[in-house]
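Chain residues, written in single-letter form:
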Amino acid sequence: MTNKTDIRKALVVLSSELIRPNQPTQSSLLERAVELAKTTGCELELFHVCYDSTLEHQLFESDGSLERQRKQAADRDATILAEMATRLKSYSIKVRYEVRWDTPRTDAILRKIAQAKPDVVMKQNCDHSFVLGITSNTDWDLARRSPAHLWLVSDAVSHIDRVVTAVGNKFGDPGDITTAEDYDLLRNARMIGAAFNAEVYPVNAYQVPESQYLGAGMPGTIAPVDVPSIERSSLRTQLVKEHRSSVKGLAQYFNIDKRNVHVREGHPSTVIPEFAKSVAADMIVMGARNINRFERLVSSVTVEPVMADTDCDILIVKERDSDEIPEAAEIPLYVVPKYNLEHAIAKPEATFDSPHQVAKLPELSIELRNRILQAWEYDIRAEMVEENEGGLVGDIDISKLEEISSAKTLLDMKQDQSQKRQVSL
């Protein structure tokens with residue numbers, strides 16, 4: 001992700017809330033993905049994990065019956081995804097899509113990432129509370145386990161204008177403030193800044209030790225000794241100078257205005273969200289170690305508290321590694337939509353038996369059903385004009401025009417009912 005050409009593929013993970021008939025097409029996730037694709041020319045792959053626990057093994061249902069019901073549910077979702085892809089292609093965006101019946105959701109997404117090898121995974125950010133690292137969710141698990149960069153998109157953000165980047169927040173080696181990982185963080189932040197015409201703000205958190213371990217007088221023993229306040233003040237001044245110099249040097253390499261560099265005292269889990277709020281950040285860029293839930297409980301963590309305490313986009317920059325891909329308990333069900341929607345729009349009479357069949361397709365939006373009917377009507381009238389002008393006489397079924405008109409009336413009624421329900425809610 002060093003520049004515009006580095007993002008070749010973005011995997012867009014869609015939630016069940018977005019995979020519903022007549023769902024409004026406006027969503028922060030899809031809008032951000034479209035903007036990224038337009039700017040970088042990358043390919044988008046829409047991905048949805050379809051699963052319903054009620055369609056697992058049941059006492060009075062045969063395996064064959066349950067399999068058919070699963071396929072019907074997955075086919076419906078695949079058709080909705082196909083409609084989304086058709087819309088995106090109208091923006092000249094390269095897009096593909098896939099629906100899988102698979103579980104658990106996090107493992108299914110990780111398996112897809114391993115197969116698709118995207119440069120970045122985009123997913124809608126969910127609100128989660130951080131309770132001592134005990135709780136867990138898909139966002140946190142992906143932040144730790146995904147081998148690809150993870151972009152969590154917030155509905156509270158309309159456009160990326162200010163990008164806060166957490167750099168130099170490693171406490172393992174006090175003498176090495178910025179590392180190669182920080183270089184990658186700023187490199188990615190700078191790429192986002194260029195793609196969205198956004199300002200980049202590197203922020204660094206430092207901590208002044210309250211005590212230091214010195215020899216306690218007895219051979220082979222050490223004991224904590226409080227650092228005097230005067231010495232702490234001097235140490236604080238020295239740390240600020242060193243951290244600011246190191247972070248500014250890194251920012252200068254990426255042509256980031258030195259006035260955008262900020263050094264704050266405190267733990268990164270507190271400093272980063274507070275600073276992000278102070279500059280009204282639209283995105284936070286940070287790294288994440290691959291740790292499990294137990295390690296998250298017993299060690300000092302930053303990612304989860306920041307994710308829980310911010311309402312902006314978050315880009316988790318990951319190092320490519322050889323993490324084991326979780327195996328599926330059962331072979332995932334791969335599905336395709338029942339209809340080729342691009343062909344259906346171009347040749348509706350060859351795809352559907354009647355206009356009323358189009359009007360009664362619940363998995364397609366009312367907008368798309370109207371579009372198919374209009375295409376059908378246009379084809380018939382174009383054939384009539386051609387025949388009247390002395391062209392080849394074909395088998396024109398004029399009665400279909402009345403059926404199309406009736407189907408449109410039915411859709412208008414459905415549209416009115418849908419709007420009334422929305423108003424009542």
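Below is a summary of the structure that appears in this document. This structure is a prediction, so every number in the text was calculated from the model and none was measured.

Procedures and definitions
Per-chain numbering applies: the sequence of each chain, read as written, is numbered from 1 onward. Predicted model: local features are reported for residues with pLDDT of at least 70 only, side-chain atom pairs are reported and counted for 80 or more only, and whole-chain, interface and lining totals are derived from all residues. The side-chain quantities take in all heavy atoms of the structure and omit both hydrogens and water. The numbering of helices and of strands both runs from the N terminus, where a helix is a DSSP run of H or I of at least 4 residues and a strand a run of E of at least 2. Think of it in three bands: residues with accessible area under 20% of the maximum for their type are buried, residues over 50% are exposed, and the middle band is partly exposed, with areas taken using a 1.4 Å probe on protein chains only. The contact criterion used throughout is that any non-hydrogen atoms of two residues lie within 4.5 Å. For every accessible area listed, the method is Shrake-Rupley and the probe measures 1.4 Å; residues are considered covered only by the protein chains on display. In short, DSSP must find at least two bridges between two strands for them to pair. Orientation is described by axes fitted as lines to C-alpha atoms, over the contacting stretch for helices, and by angles from 0 to 180 degrees between their N-to-C directions. Within this scheme, the nonpolar core is defined by two criteria: the residues are buried Ala, Val, Leu, Ile, Met, Phe, Trp, Tyr or Cys, and they are joined through side-chain atoms within 4.5 Å. Here, a salt bridge means any Lys or Arg side-chain nitrogen found within 4 Å of an Asp or Glu carboxyl oxygen. Handedness of each helix crossing follows the sense of rotation of the near helix against the far helix: counterclockwise by less than a right angle gives left-handed, clockwise gives right-handed. When residue character is reported, Ala, Val, Leu, Ile, Met, Phe, Trp, Tyr, Cys and Pro are called nonpolar, Asp, Glu, Lys and Arg charged, and the others, Gly included, polar. For Phe, Tyr and Trp, rings pair up if their centres lie within 6.5 Å, where Trp contributes its six-membered ring, and each pair is then called stacked (planes under 30 degrees apart), edge-to-face (over 60) or tilted (otherwise).

We now examine the overall build of the chain. Looking only at helices and strands, one finds 14 helices and 13 strands in the chain. For the chain, buried positions account for 48% of its 425 residues. Within the chain, counting contacts between residues at least 6 apart in sequence, those at least 24 apart form 76% of the total. Carbon and sulfur atoms make up 50% of the accessible area of the chain, which totals about 22,100 Å².

With that settled, the discussion passes to the sheet that holds strand β7 (residues 199–206). Sheet architecture is open: eleven strands sit in the order β10-β7-β6-β11-β12-β5-β4-β1-β2-β3-β13, paired in mixed fashion. Two strands in the sheet have a free side with no partner beyond their single neighbour: β10 (262–265) and β13 (333–335). Geometrically, the sheet is characterised by an average inter-axis angle of 25° between neighbouring strands, direction not taken into account. Across three bridges, strand β3 (residues 95–101) lies against β13 in antiparallel orientation. Note on β13: the bridge partner recorded for R100 is Y334. Against the sheet, helix α3 (residues 105–116) contacts β1 (9–14), β2 (43–50), β3 and β4 (120–124), and its axis sits at roughly 150° relative to β2.

Note that K400 resides in helix α14 (residues 399–424). With residues near it in sequence (within four places) discarded, K400 still touches D353, P355, W376 and I380.

Membership of the largest hydrophobic core comes to 93 residues, with the highest contact counts inside it found for L14, L44 and W151. Setting aside chain neighbours within four positions, we find L44 in contact with A10, V12, A33, V34, A37, L88, I93, K94, V95 and R96. Core analysis: the next-biggest nonpolar cluster, separate from the first, contains 20 residues, A359, I366, I380 and I404 among them.

Here the focus is the pattern of salt bridges. On inspection of all chains with the given rule, the structure shows 23 salt bridges. With its nearest N and O atoms 3.3 Å apart, the salt bridge here joins R87 to E367. Taken together, the residues span a long stretch of sequence, with R87 in helix α2 (residues 63–89) and E367 in helix α13 (residues 366–388) at a distance of 280 residues. Linking R144 and E304 is a salt bridge whose minimum nitrogen-to-oxygen distance equals 2.9 Å. Residue R144 is found in helix α4 (residues 138–145), and its partner E304 is found in helix α9 (residues 303–308); the two are separated by 160 residues along the sequence. By relative accessible area, R144 is classed as buried at 2%. A residue is classified by how much of its surface remains accessible, and E304, at 0% relative accessible area, is buried. Taken together, the shared-partner salt bridges in this structure form one network comprising K9, E45, E98, R100 and K112.

For the rest of this paragraph, the subject is unusual backbone geometry. Note the cis peptide between T103 and P104, where omega equals -10°. Looking at the element boundaries, P104 is found in the loop between β3 and α3. The backbone of K117 shows a phi angle near 50°, a positive value even though the residue is not glycine. Its location among the elements puts K117 in the loop between α3 and β4. Its identity is not glycine, yet A280 carries a phi of approximately 55°, on the positive side. Tracing the chain through its elements places A280 in the loop between α7 (268–278) and β11 (283–287).

Turning next to the environment of I398. Examined against the element boundaries, I398 turns out to sit in the loop between α13 and α14. Overall, the relative accessible area of 49% leaves I398 in the partly exposed class. Between the C-alpha atoms of I398 and E377, which are 21 residues apart in sequence, the distance is 9.7 Å.

Our next topic: the packing of α3 against α4. Viewed as axis vectors pointing N to C, α3 and α4 meet at an angle of 35°, and their least axial separation amounts to 10 Å. Here the hand of the crossing between α3 and α4 comes out right-handed. Between α3 and α4, the contacting residues are R105, T106, D107, I109 and L110 on the first element and T138, D141, L142 and R145 on the second. Tallied by class, residues from the contact of α3 with α4 come to three nonpolar, two polar and four charged.

Any two aromatic rings considered together are summarised by their centre-to-centre distance and by the angle between their planes. As enumerated under the stated definition, the model contains five aromatic pairs in all. Taking the centre distance of 5.9 Å and the plane angle of 70° together, the rings of W151 and F196 count as edge-to-face. On the criterion of sequence distance, the pair formed by W151 in strand β5 (residues 149–153) and F196 in helix α5 (residues 180–196) is long-range, its members being 45 residues apart. Here the two residues W151 and F196 agree in accessibility, since each one is buried.

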